[in-house]
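# Observations on the three-dimensional arrangement
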Amino acid sequence: MPRSLFLKTISALMLTLFLIILVLAVRFFVHQKVHSLENLATDLATKKQQEISLVKAQQQYKQTTGAREELDKFNLKLDQIVLLIESLESIAKQAGVVINLEHVGGNEGTTFIVKGSGSFSAIYRLIGLVETMPYPVFIESSDMAVSTDDPRKSLWTVSLTLRFII
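First things first, this report covers the structure right here in the doc. (Residues numbered from 1 in each chain as written. Predicted model: local features only at pLDDT ≥ 70, side-chain atom pairs only at ≥ 80, totals over all residues. Heavy atoms only, no water.)

### Re the pairing of strand S4 (residues 155–164)
For strand S2 (residues 111–118) and S4, the ladder comprises eight bridges, and the chain directions are antiparallel. Considered in S4, the bridge of Gly-118 is made with Trp-156. One ladder, built from ten bridges, connects strand S3 (residues 137–147) with S4; its direction is antiparallel. Paired with Met-144 across the bridge in S4 is Val-158. (Pairing = 2+ DSSP bridges. Helix = DSSP H or I, 4+ residues; strand = E, 2+ residues; numbered from the N terminus.)

### Brief notes about the pairing of S2
Bridge count between strand S1 (residues 98–105) and S2: seven bridges; the pairing is antiparallel. In the sheet register, Leu-101 faces S2, and the bridge partner there is Val-114.

### Focus on the pattern of salt bridges
A full pass over the atoms with the stated rule returns one salt bridge. Across the pair Arg-163 and Glu-140 runs a salt bridge whose closest N-O atoms are separated by 2.5 Å. Taken as a pair, Arg-163 in strand S4 and Glu-140 in strand S3 lie far apart in primary sequence, 23 residues in all. Look at Arg-163 and you get partly exposed, because its relative accessible area is 33%. By relative accessible area, Glu-140 is classed as partly exposed at 44%. (Salt bridge = Lys/Arg side-chain N within 4 Å of Asp/Glu carboxyl O. Buried < 20%, exposed > 50% of the residue type's maximum accessible area, 1.4 Å probe, protein only.)

This is how it looks when you write it as structure tokens:
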């Protein structure tokens, strides 16, 4: 094999090998860019969905403004809890019942457990006054018991669980 043919064959093989490597390198970088663009497209679609959800939530918020304002009129504010406790104490005093506020808790301080003692009529009056308070109140449970320690005078006790809408 003449030397020039051998050099031409080697040159052709080297050129072919170089072109194959070049094609593979270009294909690799193009594949990386395509994959990167696919990820960006997915992220963009997710962001678009989030934006649509946010716009819908904002529209719903604007549409319910009037209804939320009406509901707020019925709810006690957090700073009114002190007034509520004072009202309970005042009502108990009016009814002639000695009360003890055992628990204030629940959802933003809306549940009260009140224990009291007095005559049957005083406790009956206390429950009636609680039901007519100017606040939205629900008597969730009540337990009454009579103490027979002193046979001359019966002492009634009550445990009320009250839920106020705050």
